[in-house]
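Coordinate analysis (summary)
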Amino acid sequence: NAGVTQTPKFRVLKTGQSMTLLCAQDMNHEYMYWYRQDPGMGLRLIHYSVGEGTTAKGEVPDGYNVSRLKKQNFLLGLESAAPSQTSVYFCASSSSDTQYFGPGTRLTVL
Amino acid sequence: DQQVKQNSPSLSVQEGRISILNCDYTNSMFDYFLWYKKYPAEGPTFLISISSIKDKNEDGRFTVFLNKSAKHLSLHIVPSQPGDSAVYFCAASAGRSQGNLIFGKGTKLSVKP
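Before going into details, it helps to say that this report is about the structure given with it. Everything quoted here is computed from the prediction, not taken from an experiment.

Time to look at the sheet that holds strand 1 (residues 4–5) of chain B. Residues and elements named next belong to chain B. Strand order in the open sheet formed by five strands is 1-3-8-7-6, and the pairing between neighbours is antiparallel. If you trace the sheet from one side to the other, it starts and ends with strand 1 and strand 6 (56–59), each paired once. Inspection of the sheet shows strand 7 (residues 62–67) paired to strand 8 (residues 72–77) by six bridges, in the antiparallel sense. Looking at the pairing, L66 lines up with L73 of strand 8.

So, about the layout of surface pockets. A water-sized probe, rolled over the atoms, reveals where empty space remains. There is about 740 Å³ of room inside the largest pocket. Surrounding the largest pocket, 37 residues form its lining, Q37, V88 and R106 of chain A together with K38 and A41 of chain B being those nearest its centre. Mapped by element, the contributors of at least two residues to the lining of the largest pocket are strand 4 (31–38), strand 9 (87–94) and strand 11 (105–109) of chain A together with strand 9 (86–93) and strand 11 (107–112) of chain B. Considered as a void within the structure, the second largest pocket measures approximately 340 Å³ in volume.

What follows is about the nonpolar core. If you look at the biggest cluster of nonpolar residues, it comprises 23 residues, and the most contacted ones within it are F33, W35, L73, L75 and Y88 of chain B. For this core, the secondary structure elements donating two or more residues are strand 3 (19–25), strand 4 (32–38), strand 5 (45–51), strand 7, strand 8, strand 9 and strand 11 of chain B. Broken down by element, this core gets its largest block of residues, four residues, from strand 9 of chain B. Beyond its immediate stretch of four places on either side in the chain, L75 of chain B contacts S19, I20, L21, W35, L47, I48, F62, T63 and Y88 of chain B. V4, L13, L76 and L107 of chain A belong to the second-largest nonpolar core, a separate cluster that totals 18 residues.

What follows concerns the state of the cysteines. Counted according to the given criterion, the structure contains two disulfides over all chains. Linked covalently through their sulfurs, C23 of chain A and C91 of chain A form a disulfide whose S-S length is 1.8 Å. One quick way to see it: the torsion about the S-S bond of C23 of chain A and C91 of chain A is about -75 degrees, and its sign makes the bridge left-handed. Here C23 of chain A is found in strand 3 (residues 19–25), whereas its partner C91 of chain A is found in strand 9, with 68 residues between them in sequence. An identical accessibility class is assigned to C23 of chain A and C91 of chain A; each is buried. One disulfide in the model links C23 of chain B with C90 of chain B; its S-S distance is 2.1 Å. Since a negative S-S torsion denotes a left-handed disulfide, the C23 of chain B-C90 of chain B link at about -75 degrees is left-handed. Highlighted residues: C23 of chain B in strand 3 and C90 of chain B in strand 9, separated in sequence by 67 residues. Accessibility expressed as a relative area gives 1% for C23 of chain B, which makes it buried.

Calculation rules
Residues numbered from 1 in each chain as written. Chains lettered and ligands numbered in written order. Predicted model: local features only at pLDDT ≥ 70, side-chain atom pairs only at ≥ 80, totals over all residues. Heavy atoms only, no water. Pairing = 2+ DSSP bridges. Helix = DSSP H or I, 4+ residues; strand = E, 2+ residues; numbered from the N terminus. 1 Å grid on protein atoms, 1.4 Å probe; cavity = no way out; pocket = protein on both sides within 12 Å on 5 of 7 lines; lining within 4 Å. Points joined across faces, edges and corners; volume = space filled by probe spheres on them. Core = buried A, V, L, I, M, F, W, Y, C linked by side-chain atoms within 4.5 Å. Buried < 20%, exposed > 50% of the residue type's maximum accessible area, 1.4 Å probe, protein only. Contact = heavy atoms within 4.5 Å. Disulfide = S-S within 2.5 Å.

Take a look at the structure:
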């Protein structure tokens, strides 16, 4: 039982490049979330999903897209990376109110 | 406008003493509150929670107190241990079934031997 896993752990991009972050959970949770954490800003919700095939915008959705084609996976895409997207990205899943987090992906956009 | 506020960015406590971390909220619709603990280079881990129908919840060395009239909650750690040194996030939700949490900015706790 791995819980929530994230791929990759680290990535460096150049401005304008695209990439996809993968989140996988093996707890059969309905809800999945993508957050970003910046220094002094806490955790801010980017997008979330309440079930397979559904997605919704969070607090800071601009510049990101998501997909939930399978219940266990939640993908976060950056179509054209910007330096302002340099951050640590956390995925989480839940069955109700307690969210379980992955280890994070540290992304640097040059 | 921050709905969940942790006004102390950092706290330093001696080993064996009590650590008290505070959190204030503004949204009266919040009915469930959680504390998460985060070590460097790791994801946040769930620590303890409390429903708005209670004013106290205890789990070992960790106790969370909720004062609904003041829209304030606090996390008490007794006794504090060096391994408790981490960033602690307060989070709140309105309606348990939705699962959407609003996080505070965190308080970095340092427990000195």
